[in-house]
Structure formats: C-alpha cells, structure tokens
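# Summary of the model geometry
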Amino acid sequence: TELVLELRSRVRVAGVHVTVFDLSDLYYAPEIASAMLIRQQAQATIDARHLIVNGAVDIVGGALEGLSARGIRVSESEAAGLASNLLCVLCSEGHVHNVMPLQQA
C-alpha cells in the first residue's frame, strides 16, 4: 500500500527491503485522545442508562401484573404513583427517601 511504498523508498538506501508493514499501535495527540475518551465514557453512560431504565420498566410492569394476578385492584392513579415511585428508586444512583403524602380526613 501507500505506507509500504513510502517506507521502501526511505530504507532502500540502507539495503533493506520491506515486504509487510503493519501498525500495531496508534497514538493520538493528548487533546484528541482526551476528547475521544470523554465521548466513549458518555456513550457508555447513555447505554447503561438505557439498560437501567428498560429493566426498571420491566420490573414496574411485572409488579403491576403481579398485583393484578393476586386480585389486588389498583386504580390508574395508584398505578401511576407506584410506577413513578418504583422508577425513581430503581433508576436512582443514590439512596432514595420515600415521601408519603398526608391527606386530611
């Protein structure tokens, strides 16, 4: 290829004949390498978040189906609240504190 031809022309004066030329390491300027690493980390974070959210949605769906299978009736607003709370707990990175609304009788 082009690299082999260029290398041949440069080392011919020393009596060296190049038959194969492969790059085993490729180095980037530090600012390019840093930008590439940041991009890779961002993509890995996004992929992990998608996995976590999809798993959480499956868990919430399973919980609602489990309640229904046991004959426990859940209103649409209760199901939405349960889904919201479970998604917050399952998708959060830190410790989650549950907040219970207080209603006046």
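Reading the values: rules and limits
Residues numbered from 1 in each chain as written. Predicted model: local features only at pLDDT ≥ 70, side-chain atom pairs only at ≥ 80, totals over all residues. Heavy atoms only, no water. pLDDT = per-residue confidence, 0-100. Helix = DSSP H or I, 4+ residues; strand = E, 2+ residues; numbered from the N terminus. Salt bridge = Lys/Arg side-chain N within 4 Å of Asp/Glu carboxyl O. Buried < 20%, exposed > 50% of the residue type's maximum accessible area, 1.4 Å probe, protein only.

What follows deals with the confidence of the model for the protein. Mean pLDDT over the protein works out to 87, with 97% of the residues at or above the 70 mark. Element-level pLDDT for the protein is lowest in helix 1 (residues 2-11), with a mean of 85, against a maximum mean of 94 in helix 2 (residues 30-69).

The tally for this structure, following the rule as stated, stands at two salt bridges. Among the salt bridges present, the one from R10 reaches E6, with a minimum N-O distance of 2.6 Å. Here E6 and R10 lie together in helix 1, a separation of four residues that amounts to about one turn. Judged by relative accessible area, which is 61%, R10 ranks as exposed. Overall, the relative accessible area of 39% leaves E6 in the partly exposed class. One salt bridge connects R49 with E93, and the closest N-O pair in it is separated by 2.1 Å. Linking R49 in helix 2 with E93 in the segment after helix 3 (76-91), this pair joins segments that are 44 residues apart in sequence. The exposure class assigned to E93 is exposed, which follows from its relative accessible area of 72%.

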